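# Chain and residue survey
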Amino acid sequence: MVEPGKTAVRRAVGRELKRMRNATGLNLKAAAQAAGETGDKALMQVERGRNLPQVANIDTLLSTYGCRDQLPNFRSLLKNAGKRNWKDWWEYSFPADFVPEQSKLLLSCEASAVRLRMYQAQFVPELFQTGDYAEALVRASMPHASDDEVRLWSRLAEGRQDVLDRPEPPDVQCVLDEAVLRRTVGGHDVLAAQLAHLAELAARPNVDIRVLTEESGAHAGTGGSFTRIALLPELPTYPGIVHVRTAAHDLYYEEPDEIEPFDEVWTLLLEQALSADESLALLEDAAG
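In this report, the structure presented in the accompanying data block is examined. (Residues numbered from 1 in each chain as written. Predicted model: local features only at pLDDT ≥ 70, side-chain atom pairs only at ≥ 80, totals over all residues. Heavy atoms only, no water.)

### Considering the side chain of Gln173
Inspection of the secondary structure assignment puts Gln173 in strand 2 (residues 171–177). At 2.8 Å, the side chain of Gln173 and the side chain of Asp208 are in polar contact. Aside from chain neighbours lying at most four places away, what touches Gln173 is Leu116, Arg117, Met118, Asp208, Arg210, Trp266 and Leu270. (Helix = DSSP H or I, 4+ residues; strand = E, 2+ residues; numbered from the N terminus. Polar contact = N/O pair within 3.5 Å; in protein donor to acceptor, adjacent residues only side chain to side chain. Contact = heavy atoms within 4.5 Å.)

Quick look at the structure:
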């Protein structure tokens, strides 16, 4: 049983309730009145993922939307809502303002994931990075960061990887551009250790790493790197998210028609990349 993160649950519950409300044609005020919520502003905060609905009100709310059959699913997700100290994992061990607001959804969804799909054209994804590799990237991208800040960012990357070692780890697939295997992040020794770590991960039954070689030529990943996360099976109609990082913002795609193009690209990338066995052989050879 996956213990979902607070931010991920709030976002998913809010978006699903908004989808249900829109399907009924009710506006916020009418829905709030019918469901006994304290007001349309309170319901708006729920739909935006900032709060969760009161457990006592969820029955009425779902009945109003004609979706009472989903009550057990929502109750399961809301069971932690009444806990005073329900937090996302990083809130227990990092300064309150350390994790950027726009990155919290990604970290919470990763920790709640049942399936992860990652395409990386530049670097090894954070979930697979060794400590030295992660530190080298932090120092390169944040040249003015203090040693303490670098250590915090490296610890954060390490904490994100705990999802791979939980009792029921997610199903993880990753497509790496071959250039990732050649880019000497942190120097040759750091890169060699990183590639050896990738090979070890690829041997896990729930991890599938593929390499998109230079010989593949033009390929479907021209739009750049992305992460597709499926989570919260308690909400079978929730599509999950796609995350894309830019220099200025973390971008999230959450509507089915936004996610579909990424799923199509992913299917093509798997066809164009080496098989799992061929990729593992290439990783082991590159690691020396």
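### Re the packing of helix 1 (residues 6–24) against helix 3 (residues 40–47)
How two helices pack is summed up by the angle between their axes together with the distance between the axes. The interhelical angle for the contact between helix 1 and helix 3, taken along N-to-C directions, is 120°, at an axis separation of 7 Å. Taken together, the axis directions place helix 1 and helix 3 in an arrangement best described as oblique. Packed against helix 1, whose contacting residues are Arg10, Gly14, Arg15, Leu17, Lys18 and Arg21, the element helix 3 presents Leu43, Val46 and Glu47 at the interface. Looking at side-chain class alone, the contact of helix 1 with helix 3 contains three nonpolar, one polar and five charged residues. (Axes fitted to C-alpha atoms, helices over the stretch in contact; angles between N-to-C directions. Parallel < 35°, antiparallel > 145°, perpendicular 65-115°, else oblique. Nonpolar A, V, L, I, M, F, W, Y, C, P; charged D, E, K, R; others polar.)

### A closer look at the environment of Ala287
Within the fold, Ala287 resides in helix 12 (residues 276–287). Between the C-alpha atoms of Ala287 and Leu181, which are 106 residues apart in sequence, the distance is 8.8 Å. Filtering out sequence-adjacent residues up to four positions away, Ala287 remains in contact with Ala192, Leu195 and Ala196.

No statement about biological role is implied by the geometric values presented.
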